[in-house]
Each structure stands twice: as structure tokens, then as C-alpha cells.
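Take a look at the letters that make up each chain.
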Amino acid sequence: MKPLLSIIIATKNRVPYCINTIETILSFSDNDFELIVQDNTDNLELCDFVNLNISDQRLIYNYTPPPFSSIDNFNAALELASGEYVCLIGDDDGICSTIFDVVKWAKANDVDSICPKVFVDYYWPGAFNPNSIGYLTIPFFSKNIYRKDPQKEIQHLIADGIINYMRFNLPKFYHGLVKKSCFEEIKAKNGFFIGGLSPDIYSAVSLSNIVKKHIILDFPITIAGACRVSTTVAGFTGGHSGKLKEAPHFRDRGNYVWDKQIPKYYSVTTIWAESALKAVHDNTILVDLDKLNLSRILAKSILDTPNNYKLFYAETSKITEKKLQFNLKLIYQIIRLFIHSYSGKVINKIKSKTFLKQSHFTDINNIGEATIKTNRILSHFNAKKILHDYDSEHLIL
């Protein structure tokens, strides 16, 4: 019998973290899920560990040797999934016990996708430097549940420069729940589940054109991990920036055609923006691309990695007109983003001192310990009852 949920991990060269994540997820007693691990590591270390140490039938493991692009790896992982719902996490991430109540509720109410507004954050030991300790942050969250039309969010995303898609109410395969049948619709049209260069933003935009019943949760169902070699940490430290040819996303992708509306430099914002536009074109989503906010894309890139501002500006100038007007917009966006970032840090600090005194935990050594600590706290949060109450009172909008 097919499982209700497929938890998906596409991994490469992060064996110690992935082993701990696999063991932690399989420690859950729920039997209505499968764990898909699609491995593209440069050696057989993870493959040998799985074959010698794990006999759990819930684990579906597949090894594909290089060369194999990261997007191909994600597509292969989705191909293996047989669950009615799918959830993508990283090989250094985890899940919360709430996910099982949520996915059962989703099936009972024929929900296409569920997007949590908050995550539990876990930083592995050594994430930022060899001496940094592991720490866990459980955010303040409410019991709010509401429904949104994701198609209306796409134009807002474009106008915002696609710099932070996570704050928009889009369907999210990454740390969210989506019906596998929605991905099958995308594949039937394009020949693949995921295109572009970034699987999370590509799928978020593509799914927005398909899902009908989209629910937002204001409580966590996953743990977002960050280890020393994760993309999250690289983004914080300026690792994801430079000349476009330096982007690892192109590895083994053949003759990838970069969208001409996006400046040709490598940053988190340009990779996201380019992948979003690929999803728009591949799935013939009706949006006004003339409203794409290039000045906001450039401003975010400069603030993230100021050392590369000359390269970023030069490449953006090649596809912009009315330089004086654009420069004024750029200065405005830099100031606006800087103020927003600073005020956000102040607000988070105030919240931390008032509401979240019990939510920060240090000396958490791995995702297994982070999961145990998280689920102890969430055991006081009755997700099943909250979902049931919403179902009986507010589902029809």
C-alpha cells in the first residue's frame, strides 16, 4: 500500500549529516510515511552505510554516481516518491512530530498544499566556525490557520524582485507539503518535475499555477538545519556570489540558457529570480514581467555581498535603460532594504527578550538531539485539535 507521506532528501557529499538525519527520521513510530534518499555523493560511503546498517522498509535509498546535476538529483528523488503528499528537506534538516497530524488532516480535507509560516532553526556545531556550538531556536508561533490563493501572490513576488519568496504565501515543496499529483501535472506539461537552477523557488512558482486549495499554518512542521557546508551558511558568509560561470548550479547541466531579463552575475537573488522566470515561462503563467524589480534584485545582492558591487552593477547596467532613473531607484531600494533589515533585527531582539526566553537551546550536538528537544516542546501544542477546530469552523472560505 502506498504511504500517505514521502519525505524527500536529495543529497551529495554531506554523509555524516545525512546519516544522522536518516536515523532521526526513521526513529519516528509512524508507519504511513516513506523516506526517500536520492544520493549523488562522489563516493559510496553513504551507500555502504545504508546497506550495512539500515533495514527499515520505510527507507527508499537510491545512488546515482556523478556526473549528475543537482536538478536531476531532485527530479530523480521525486520520481521515487509514491506518497500522496511530498515534503522536501535538506540532508541536514529534520521534521517535527506535528507533520504527521498535518498530513492526515490535509488528506481528510482534500488540501493540495500546506505552507508553514515558521520553522524551527538548528545550527550544527561548527556551522560558522570550528568552535561554534550547536544551537536550536524554536520561534514564537500562534495557532492561526488560513487559506490563500497562490496565483495572486506571483505578481507581488515579481514586483518585489523575487528576493525573498519565503515571505509570500506560495505552495512550498521545500519544508512544506504538496500533493504529488500536482507535480505530475507539471511533468505532464514539461517532461520534468523541476527545472531552472533552484528547486525550491522553481517548484513554488510552478505549483502556484496548479494548486487550488492552499493552506497557511502559523506553526512548524519541520526543522531547518544549517551545517558548515550548507547553502544557508554559504549565503550568510557571502559564499554564493561572483561571476555567473562560478555558480555550481550549472555543473552537469549542459547548455543551460540563462534568462535575458536577469543580469548575468552569481548571487542568491539572481539564481532565485532566474529560476522563478523559468517556471513562469515553462508553465505559461500569466504575469506582467515588465514589473520585475531589477533595482531591488541588485540592491539585495549588493547588501549581501558588497565586495562584488562593481560586477553586479556592471552586469545589471547591460540590461537597463534610463541610467539616472535606475540609479535613483537603486539608492532607494538599498536604503529601504537596509532599514528593513536593521528594524527586523531590533524587533527579533525585543521578541527574544520578551516572548522567547525558553526557545533558545545551546549545546545541541546533532539533528537527533534537536528533534527530541523540539518535540518535547511541541508536545504541549495540540496540533490535531487546532486542525480539527479549523476544519469544523473555517475551512470553507
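Notes on the structure in this doc start here.

1. Examining helix α7 (residues 199-208)
No. 1: For α7, a buried count of 10 out of 10 residues is recorded, marking the element as mostly surrounded by other parts of the structure.
No. 2: Within the span of α7, buried status applies to Pro 199, Asp 200, Ile 201, Tyr 202, Ser 203, Ala 204, Val 205, Ser 206, Leu 207 and Ser 208.
No. 3: Among the structural elements, α3 (70-80), α5 (151-159), β10 (177-179), α6 (180-190) and α9 (268-282) are those in contact with the buried residues of α7.

2. With respect to the nonpolar core
No. 1: Core analysis: the largest hydrophobic core is formed by 60 residues, its most contacted members being Leu 5 and Leu 35.
No. 2: Among the elements that take part in this core, helix α1 (residues 15-26) stands out by supplying seven residues, more than any other.
No. 3: Counting residues in each nonpolar core, the second largest holds 59 residues, with Leu 157, Ile 186, Leu 197 and Tyr 256 among its members.

3. A word on the packing of aromatic side chains
No. 1: Per the counting criterion, the structure on display carries 15 aromatic pairs.
No. 2: On the numbers, 6.4 Å between centres and 80° between planes, the contact of Phe 183 with Phe 193 is edge-to-face. A residue pair is termed long-range when its members are at least 10 positions apart, and Phe 183 in helix α6 and Phe 193 in the loop between α6 and α7 qualify at 10 residues.
No. 3: With relative accessibility at 1%, the residue Phe 193 sits in the buried group.
No. 4: What links up through ring pairs into an aromatic cluster is the set Tyr 17, Tyr 122 and Trp 124.

4. Thoughts on the sheet that holds strand β11 (residues 214-217)
No. 1: Taking strand neighbours across the sheet as the criterion, the eight strands line up as β3-β2-β1-β4-β10-β6-β11-β9 in an open arrangement whose pairing is mixed. Of all strands in the sheet, those bounded by a partner on one side alone are β3 (59-63) and β9 (145-148). Each neighbouring strand pair of the sheet contributes to a mean axis angle of 25°, computed without reference to strand direction.
No. 2: Where β9 and β11 come together, four bridges link them in antiparallel fashion. Following the sheet pairing, Lys 148 is matched in β11 by His 214.
No. 3: Packing of α1 onto the sheet brings it into contact with β1 (5-11), β2 (33-39) and β3, and relative to β2 it is tilted by some 170°.
No. 4: Those strands touched by α3 are β1, β2, β3 and β4 (85-88), and its axis lies near 150° from that of β2.

5. Examining the packing of α6 against α7
No. 1: Two elements in contact, α6 and α7, have axes whose closest approach is 10 Å; the angle formed by their N-to-C orientations is 90°. The angle between the axes of α6 and α7 places the two elements in the roughly perpendicular class. Of the residues in α7, those in contact with Cys 182, Phe 183, Ile 186 and Asn 190 of α6 are Tyr 202, Ser 203, Ser 206 and Leu 207.
No. 2: Residue composition of the contact of α6 with α7, by class: five nonpolar, three polar and no charged.

6. Digging into the pattern of salt bridges
No. 1: Tallying each qualifying case throughout the model produces 15 salt bridges.
No. 2: Between Arg 58 and Asp 56 there is a salt bridge, with the nearest N and O atoms lying 2.8 Å from each other.
No. 3: On the accessibility criterion, Arg 58 (11% relative accessible area) is buried.
No. 4: Residue Asp 160 is joined to Arg 167 by a salt bridge in which the shortest nitrogen-to-oxygen separation is 3.1 Å.
No. 5: Given the relative accessible area of 8%, Asp 160 is considered buried.
No. 6: Overall, Arg 167 belongs to the partly exposed group, its relative accessible area being 46%.
No. 7: Counted as one network, the salt bridges with shared partners bring together Asp 110, Asp 112 and Lys 179.

7. A look at the sheet that holds strand β5 (residues 94-95)
No. 1: Pairing is mixed in the open sheet, where five strands are placed in the order β5-β12-β7-β8-β15. Edge strands, defined here as strands with exactly one partner in the open sheet, are β5 and β15 (360-362).
No. 2: Across two bridges, the pairing between β5 and strand β12 (residues 222-226) is antiparallel. Along β12, the bridge assignment pairs Gly 94 with Ile 223.
No. 3: Lying over the sheet, helix α13 (residues 367-378) contacts β5, β7 (120-123), β8 (135-137), β12 and β15, oriented at roughly 145° with respect to β12.

8. Looking at the packing of α1 against helix α2 (residues 45-53)
No. 1: Running from N to C, α1 and α2 point in directions that differ by 30°, and their axes come no closer than 10 Å. Classified by the interaxial angle, the pair formed by α1 and α2 is roughly parallel. The handedness of the crossing between α1 and α2 comes out as right-handed. On α2, the residues touching Val 15, Cys 18, Ile 19, Ile 22 and Glu 23 of α1 are Glu 45, Leu 46 and Phe 49.
No. 2: Of the residues in the contact of α1 with α2, the class split is six nonpolar, no polar and two charged.

Parameters and conventions
Residues numbered from 1 in each chain as written. Predicted model: local features only at pLDDT ≥ 70, side-chain atom pairs only at ≥ 80, totals over all residues. Heavy atoms only, no water. Buried < 20%, exposed > 50% of the residue type's maximum accessible area, 1.4 Å probe, protein only. Helix = DSSP H or I, 4+ residues; strand = E, 2+ residues; numbered from the N terminus. Contact = heavy atoms within 4.5 Å. Core = buried A, V, L, I, M, F, W, Y, C linked by side-chain atoms within 4.5 Å. Phe/Tyr/Trp six-rings, centres within 6.5 Å; stacked < 30°, edge-to-face > 60°. Pairing = 2+ DSSP bridges. Axes fitted to C-alpha atoms, helices over the stretch in contact; angles between N-to-C directions. Parallel < 35°, antiparallel > 145°, perpendicular 65-115°, else oblique. Nonpolar A, V, L, I, M, F, W, Y, C, P; charged D, E, K, R; others polar. Salt bridge = Lys/Arg side-chain N within 4 Å of Asp/Glu carboxyl O. Left-handed = near helix turned anticlockwise from the far one by under 90°.

Scope: geometric values only; no functional claims are made or implied.
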